[in-house]
Amino acid sequence: MSLTTLLTLGLLALSVSSVKVKQPEKKPNLDWWKTSTVYQIYPRSFKDSNGDGIGDLNGITDKLEHIQDIGADALWLSPIYSSPQKDFGYDISNFTDIAPEFGTLADFDKLVKKAKSLNLKVLLDFVPNHSSDEHEWFKKSIDRVKPYDDFYIWKDGKKDAKNKTVPPNNWLSVFGKSAWEWNEKRKQYYYHAFVPGQPDLNYRNPQLQKAMRDVLTFWIDRGVDGFRVDAVNHMFEVADLKDEPKSGNNVPEDDYEYLNHIYTRDLNETYGVVGSWQKLLDDYVAKHKTDGKFMILEAYTSITKSMQFYEVGANPFNFMFIASLNNGSSAQDFKRLINGWMNAIPKGKVANWVVGNHDNHRVASRFGTGSDRADQISMLSAVLPGILVVYNGDEIGMVDRYFTWEETVDPAGCSAGPDRYQIKSRDPERTPFQWDATTSAGFSTNTKTWLPVNQNYKQLNLAAQKNATVSHYRVFKALSKLKKTPVLQKGVTEILLATSDVLAVIRKMPGQRSIVLLINFANKSITLDARTWLNIPEKLEIYASSVSSGLQSGQTVDTTYLTLPRAASIILY
């Protein structure tokens, strides 16, 4: 069963006809992150300050006002640690230092200080599953220096029919081919869930667990407000090394989806380790009297397993808008899956909605053609209760860039080969941020950048959208402002179908004006009596509308005879 199928089935199993979210108990203030907008920055592609074609920390610091301007509450930095960059920073050679191409610890401290002055929280990408093969721990592990000898997953090979030493089992890497790599010096294989340069850490070793908790402490001592935790459900594998069963998917035998990963993913031990991290953060807050420290987890898994992370105090990412819904999904599909997630969340916990990230095609490319639906998921994620997570560039409707095989640098794409690289490569969504129409879209003074800039940058860029009366930038700013209203922070939520093609999200709170989001999933205009079907006021004002809708903000509409243009999303207030 494919990952997408697994996630979809998990969500469908929990579907109900409608959902209402109870108001939380009254308290002086919500934790800062519970209704926040989190802005993901891919550092290599955000802003280059020194002209080498690679984004860096000082570039991010220079552009923090943009993050404040669009109304985000926190920025999450994809890995900035020391790394040979075999997986562009997710292969870490030192968990407590900065990669030279990004800057120094002093540069990081400067970024944090400025962010705090702008009321922005700073989250780091914590990568616990593996290190780089250039990490000192791994080098000592090869030499069997204690305690590092057991910091990684080392196993003897087995003999095949020709008496040749082969990997201990059939496990596959996420990026394809065997997940085992032979080390000639140690005379054993080591396990790597990702590229060979990313050996997996052994979380059955308590000293390794302590070392990783020390990493968290190092960064929160430097002012970090929390962590996005990478690939958390890959942290444990079964100790007896059973072969994984075939999935039945029609893919090559060395493709990750060829197997059903029941022995290398989603093991129960993961939750205990995550709980220990959350306890560390909570204890730190209690001891130092700081604002809450936030942890959100990447785990592409079933909804049932996702909910278990809530039980240990952490927050699992909700990837339904990426992994389960697409431009062929109907209003009913959206309603069903949103309800499934909302009804599964344990009492007292909050939802989150991920618009996009660095591992998946951009939202404006995933949904519809051109910019027709570029604002749809941002508008939906902002109006739904909880946390909005947006990827840099989504606020201006950036789209994927086509890459040739020769241009491809992402290891996932390179490993797939010239015939299948487009299926696996993450390069299209990682191109440099389009600031303006100058050299390299204002990202760098260098005409050669680590990834080519999208050719559409002269038309699609932040500067142009700031000057335009109607733009994705202006829509996103309006969403962020609305998200800070009491209705969206604490109000009741109703998710309904106004027609078979129109999804409605209504947020209500006593003494406050209701907020109504309507999304037309049809490729034709629809006229409806929204007042009767949704029990909303007869006259409401358009607060925001998708760029391609042609509808004007500030216009008062008659909800008894409301016409929604094709593919339009509008918020009435």
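Residues numbered from 1 in each chain as written. Predicted model: local features only at pLDDT ≥ 70, side-chain atom pairs only at ≥ 80, totals over all residues. Heavy atoms only, no water.

Caption draft 1: Focus on the sheet that holds strand S21 (residues 556-558). In space, the six strands of this open sheet follow the order S16-S17-S18-S23-S20-S21, with antiparallel pairing throughout. Looking along the sheet, the strands with just one partner apiece sit at the ends: strand S16 (492-499) and S21. Across the sheet, the mean angle separating the axes of adjacent strands is 30° when strand polarity is ignored. Examined bridge by bridge, strand S18 (residues 515-520) and strand S23 (residues 569-572) share four bridges and lie antiparallel to one another. If you follow valine 516 over to S23, its bridge partner there is leucine 572. Each of S16 and strand S17 (502-508) touches helix H10 (residues 331-344); the most contacted strand, S16, lies at about 160° to it. (Pairing = 2+ DSSP bridges. Helix = DSSP H or I, 4+ residues; strand = E, 2+ residues; numbered from the N terminus. Axes fitted to C-alpha atoms, helices over the stretch in contact; angles between N-to-C directions. Contact = heavy atoms within 4.5 Å.)

Caption draft 2: A look at the packing of aromatic side chains. Throughout the structure, instances matching the rule amount to 37 aromatic pairs. Ring geometry for phenylalanine 46 and phenylalanine 433: centres 5.6 Å apart, planes at 65°, overall edge-to-face. In this pair, phenylalanine 46 is assigned in the loop between strand S1 (37-41) and helix H2 (57-62) and phenylalanine 433 in the loop between helix H14 (421-424) and helix H15 (462-467), connecting sequence segments 387 residues apart. Assessed through its relative accessible area of 1%, phenylalanine 433 is described here as buried. Taken together, a centroid distance of 5.8 Å and an interplanar angle of 65° make the contact between phenylalanine 175 and phenylalanine 194 edge-to-face. In this pair, phenylalanine 175 sits in the loop between strand S8 (165-166) and strand S9 (180-183) while phenylalanine 194 sits in the loop between strand S10 (188-191) and helix H6 (206-221), placing the two residues 19 residues apart along the sequence. The class for phenylalanine 175 is buried, based on a relative accessible area of 11%. With relative accessibility at 11%, the residue phenylalanine 194 sits in the buried group. (Phe/Tyr/Trp six-rings, centres within 6.5 Å; stacked < 30°, edge-to-face > 60°. Buried < 20%, exposed > 50% of the residue type's maximum accessible area, 1.4 Å probe, protein only.)

Caption draft 3: How the structure looks around H6. Compared with an ideal rise of 1.5 Å per residue, which puts 16 residues at 22 Å, H6 spans 23 Å between its outermost C-alpha atoms and is within 8% of the ideal. Buried within H6 we find Leu208, Gln209, Ala211, Met212, Val215, Leu216, Trp219 and Ile220. Structurally, the start of H6 carries an N-cap: the backbone nitrogen of glutamine 207 is 2.8 Å from a side-chain oxygen of asparagine 205. (Expected span 1.5 Å × (residues − 1). Polar contact = N/O pair within 3.5 Å; in protein donor to acceptor, adjacent residues only side chain to side chain.)

Caption draft 4: Inspection of the nonpolar core at higher detail. Of all hydrophobic cores here, the largest spans 136 residues; its most connected members are Leu75, Leu77, Phe108, Phe227, Trp277, Phe321 and Leu380. In contact with phenylalanine 227, other than residues within four places in its own chain, are Leu123, Leu124, Phe126, Leu216, Trp219, Ile220, Leu281, Phe294, Met295 and Ile296. Counting residues in hydrophobic clusters, the runner-up holds 20 residues, among them Ile506, Ile536, Ile542 and Ile570. (Core = buried A, V, L, I, M, F, W, Y, C linked by side-chain atoms within 4.5 Å.)

Caption draft 5: Structural detail: the side chain of aspartate 107. Position of aspartate 107 among the secondary structure elements: in helix H4 (residues 105-117). Buried and unpaired, aspartate 107 has lysine 110 as its nearest opposite-charge partner, separated by 4.5 Å. When near neighbours in sequence (up to four residues on either side) are disregarded, aspartate 107 contacts Leu57 and Asn58. (Lys, Arg positive; Asp, Glu negative; His and termini not counted. Salt bridge = Lys/Arg side-chain N within 4 Å of Asp/Glu carboxyl O.)

Caption draft 6: Here's a closer look at the pattern of salt bridges. In total, this model carries 33 salt bridges according to the counting rule given. A salt bridge links aspartate 73 to lysine 484; the shortest N-O distance between them is 3.5 Å. You can see aspartate 73 sitting in the loop between helix H3 (64-69) and strand S2 (74-77) and its partner lysine 484 sitting in the loop between helix H16 (472-483) and helix H17 (486-490), a full 411 residues away along the chain. Across the salt bridge formed by arginine 426 and aspartate 359, the nearest N and O atoms sit 3.1 Å from each other. Linking arginine 426 in the loop between H14 and H15 with aspartate 359 in the loop between strand S14 (352-354) and helix H11 (363-366), this pair joins segments that are 67 residues apart in sequence. The exposure class assigned to arginine 426 is buried, which follows from its relative accessible area of 10%. Counted as one network, the salt bridges with shared partners bring together Asp87, Asp359, Asp410, Arg426 and Arg430.

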